[in-house]
Protein chains: 2
Amino acid sequence: MAHFLDLLDDHGAAQLRVVKPVITIGEIVAEIMAVDVGEGFRSPLRLIGPYPSGAPAIFIDQVAKIGLPCAIISAVGNDDFGWLSIDRLRSDGVDISAIRIDNRLATGSAFVRYRSTGERDFVFNIVGSACSTIRRDAAASAVIASAGHIHVMGSSLFSPAVVSLVEDAITEIKARGGTVSFDPNGRKEMLDVPGMRDALARVLAQTDLFLPSGEELTLLTRAHTDDGAIAELLGAGIRSVVVKQGAAGATYHDRERTCRVAPMPVNEVDPTGAGDSFGGTFVACWLLGLPPEQCLRFANASGARAVMMRGPMEGNSTLAELETFLSVDALGANLWLSMMNTRRSGPRN
Amino acid sequence: MAHFLDLLDDHGAAQLRVVKPVITIGEIVAEIMAVDVGEGFRSPLRLIGPYPSGAPAIFIDQVAKIGLPCAIISAVGNDDFGWLSIDRLRSDGVDISAIRIDNRLATGSAFVRYRSTGERDFVFNIVGSACSTIRRDAAASAVIASAGHIHVMGSSLFSPAVVSLVEDAITEIKARGGTVSFDPNGRKEMLDVPGMRDALARVLAQTDLFLPSGEELTLLTRAHTDDGAIAELLGAGIRSVVVKQGAAGATYHDRERTCRVAPMPVNEVDPTGAGDSFGGTFVACWLLGLPPEQCLRFANASGARAVMMRGPMEGNSTLAELETFLSVDALGANLWLSMMNTRRSGPRN
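The shown structure was predicted, so the numbers you read here are calculated from the model rather than taken from an experiment.

Scoring rules and cut-offs
Residues numbered from 1 in each chain as written. Chains lettered and ligands numbered in written order. Predicted model: local features only at pLDDT ≥ 70, side-chain atom pairs only at ≥ 80, totals over all residues. Heavy atoms only, no water. Salt bridge = Lys/Arg side-chain N within 4 Å of Asp/Glu carboxyl O. Helix = DSSP H or I, 4+ residues; strand = E, 2+ residues; numbered from the N terminus. Buried < 20%, exposed > 50% of the residue type's maximum accessible area, 1.4 Å probe, protein only. Contact = heavy atoms within 4.5 Å. UniProt positions renumbered as here; feature names shortened; annotations may be inferred. Axes fitted to C-alpha atoms, helices over the stretch in contact; angles between N-to-C directions. Parallel < 35°, antiparallel > 145°, perpendicular 65-115°, else oblique. Left-handed = near helix turned anticlockwise from the far one by under 90°. Nonpolar A, V, L, I, M, F, W, Y, C, P; charged D, E, K, R; others polar. Pairing = 2+ DSSP bridges. Phe/Tyr/Trp six-rings, centres within 6.5 Å; stacked < 30°, edge-to-face > 60°.

K.L.:
Looking at this model, I keep getting lost on the pattern of salt bridges. Mind explaining?
P.N.:
Pairs can form between side chains of opposite charge whenever their charged atoms are close. Counting across every chain of the model gives 35 salt bridges over all chains. A salt bridge links B:Asp80 to A:Arg42; its shortest N-O distance comes to 3.2 Å. One end of the pair, B:Asp80, is in helix H3 (residues 80-92); the other, A:Arg42, is in the loop between strand S2 (29-34) and strand S3 (45-53), on a second chain. Classification of B:Asp80 as buried rests on a relative accessible area of 16%. Of the residues examined, A:Arg42 reaches a relative accessible area of 46% and is grouped as partly exposed. Taking the shortest distance from any N to any O, the salt bridge between A:Arg202 and A:Glu167 comes out at 2.7 Å. Linking A:Arg202 in helix H6 (residues 196-205) with A:Glu167 in helix H5 (residues 160-175), this pair joins segments that are 35 residues apart in sequence. According to the relative accessible area criterion, A:Arg202 is partly exposed, its value standing at 40%. One salt-bridge network, held together by shared partners, links A:Glu39, A:Arg115, A:Glu119 and A:Asp121.

K.L.:
What should I look at first to understand the environment of A:Thr258 in this one?
P.N.:
Residues and elements named next belong to chain A. Structurally, Thr258 is set in strand S13 (residues 258-261). Thr258 sits in the exposed class, given a relative accessible area of 53%. For Thr258 and Pro292, which are 34 residues apart along the polypeptide, the C-alpha to C-alpha distance reads 9.2 Å. Contacts of Thr258, omitting those with residues within four sequence positions, involve Tyr252 and His253.

K.L.:
Looking at this model, I keep getting lost on the UniProt feature "domain: Carbohydrate kinase PfkB" (unreviewed entry) in chain A. Mind explaining?
P.N.:
Here the UniProt-annotated "domain: Carbohydrate kinase PfkB" (unreviewed entry) positions come out as residues 52-316 of chain A. Overall, residues 52-316 of chain A shows 38% helix and 20% strand. The separation of its end C-alpha atoms is 12 Å.

K.L.:
Help me understand the packing of helix H8 (residues 274-288) of chain A against helix H9 (residues 292-307) of chain A, please; the structure alone is not making it clear to me.
P.N.:
When two helices pack together, their arrangement is given by the angle between their axes and by how far apart the axes lie. Residue and element names in this part refer to chain A. Relative orientation of the contacting elements H8 and H9 amounts to 155°, with a least axis distance of 8 Å. Comparing the axis directions of H8 and H9 gives the class roughly antiparallel. With respect to the hand of their crossing, H8 and H9 are arranged in right-handed fashion. Side by side, H8 and H9 meet where Ala274, Ser277, Phe278, Thr281, Phe282, Cys285 and Trp286 of the first sit next to Pro292, Cys295, Leu296, Phe298, Ala299, Asn300, Ser302, Gly303, Ala306 and Val307 of the second. Of the residues in the contact of H8 with H9, the class split is 12 nonpolar, five polar and no charged.

K.L.:
Could you clarify how one ought to interpret the sheet that holds strand S1 (residues 22-25) of chain A in this entry?
P.N.:
Paired through their backbone hydrogen bonds, the strands of a sheet run either parallel or antiparallel. Residues and elements named next belong to chain A. The strand order S5-S4-S1-S8-S9-S10-S11-S12-S13 describes an open sheet built from nine strands, whose pairing is mixed. Each of the sheet's edge strands pairs with one partner strand only, and the pair in question is strand S5 (99-102) and S13. Sheet topology places strand S9 (residues 179-183) next to strand S10 (residues 209-210); two bridges connect them, and they run parallel. Bridge pairing in S10 places Phe182 opposite Phe210. Relative to the sheet, H5 contacts S1, strand S4 (70-77), strand S8 (149-153) and S9, its axis offset from that of S8 by approximately 155°. H9 contacts strand S11 (240-244), strand S12 (250-253) and S13 of the sheet and is inclined by roughly 25° relative to S13.

K.L.:
Would you explain the packing of aromatic side chains in this entry?
P.N.:
Within a pair of aromatic rings, the relevant descriptors are the distance that separates the centres and the angle that separates the planes. Throughout the structure, instances matching the rule amount to 15 aromatic pairs over all chains. Seen in terms of ring centroids, A:Phe41 and B:Phe81 are 6.1 Å apart; in terms of plane orientation they differ by 90°. Their pairing is edge-to-face. Remark: B:Phe81 occurs in helix H3 and A:Phe41 occurs in the loop between S2 and S3; the pair is interchain, linking two chains. In this pair, the class of A:Phe41 matches that of B:Phe81, namely buried. Ring plane angle 15° and centroid distance 4.8 Å describe the contact between B:Phe122 and B:Phe124, whose orientation is recorded as stacked. Among the aromatic side chains, those forming a connected cluster through ring pairs are A:Phe41, A:Phe81, A:Phe111, B:Phe41, B:Phe81 and B:Phe111.

Quick look at the structure:
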């Protein structure tokens, strides 16, 4: 941990906790992006991919980049899209022992195209993919047994099997004093899936650190206002609530305080995955025992770097990279990252 | 049929048969192609797609372009990849009433990348896709009831449900005097799938027109030589055998004669689907009652045009287009099609 202490002493981290492994459970997918802005996929387009992706995969890769021990329980096909993601996660430091290789089904995939309005069109292959074979096996049990923290992505609760696997893992980890973070990471429509609202509510009841984006704050509360929802969540026993507001920054709430971090003015290339990268950094810093202001500052930088790189986890960052990014002014960072950007199509303004 | 008669009179087709609908059963997939030659999909690449694809879809689209009534029994997801294919098949004249829209699973997909050796690397999503829901429903039964001919692609026999659907359709169509064509369209490894050899052998026993490529000629025969296999197949009751040899042309065999068509020297851009396009034209011309030499000539031109266009069914051709193509010299055709090619990356030599 010498590396962290060197970096973090300047930020007032008097001492850091020893952290047991962080785990997450859910989909690994290959993402393919349309190069040109427009609607849908009903004619041949210029595309680029595959990029390793999937919300829990982006999250756990970022936790690994911060330097914490971590693992993902997932499943991929025995194909290049699966090996692409496994190789990336392994080389970034994620324990990949609980990623099943399914010989029958393909690795999940997601095609994404941006509209000029910023909305996105998708073609997903998740439910019929290898993701559908995520299950509790010996490798998953070993990873759960070692874990001190579990992060739950709402988007990953796509099958009753995953829901029960996640709930069992939460129960075990909490029983030995571990903690739970939860990112609903979903849209209102997901509540229409039978049993989904109850599953999300049960996860929320076990949550220590809640990380909703924008309107997800009130997705599962009786309160309809932001202030009311925060009071309700903290009153129900959640220790910390972090509201991610994308390009508008983020706010942290617990029973003692509220703090806010302003957005960083960056050149947005690809927002996909930025919230997951933010979450990975926040959870890692929070588990290390950093003060909330520092967690927010690093997480905010993580999200800012993520949107500047094309590809869902291509902009994931080490703590050293976040330090460098935070130490230069935003304009300088913009220029530097623009130069590094994989979209080398000429100067951007 | 005036159109055909006008075109075909020059070729000695004294009179054409009235043709009942041609049907096929099997996968519709979206194809995504790597732009650059190389191996596999383990890093982000330039891609182009989606293109409507799937061997039976390419085949039946070509039958429709020749002008015959035809239908496909298939299934796609309720996504842009599915609608892309449905729209294309419908606009080319295929009866799409028996294409199921599955609301849960994604449309099948296939990523293809060419190596410098001409070999191809794939990432397939078929077995867990909407293709896995192909079944006999009311729409499929109606299409089968109307059919005078069924074309079987060996690659489509990927599940026991499809095998039994195909076999039932063959039985019904043969019982009322209809005919069967069969393209094994597979590799030796497919024979390792339990029950596959028996299924292919049962289809072959019902086949009137057999269209193997290269070494597929001996895939299901006791004979190991080409001549021996042809004698064995004709002796077993198959009326006609057409051996597709890709860039080396094709040969036709029946009990009375053998005829051959020389390859057309074309500028190959993308061979994917050329054999299926060849098959669609051959089967359509054969059903129309054209002499084998004419069937071969049109089918050969169909395959030649197909390889000159990027995309599996982008080079499918109407009879008028085949006429034009056959009436100009090969060099002129090359120049003309190169200009039309969707790969507009500059002049080609």
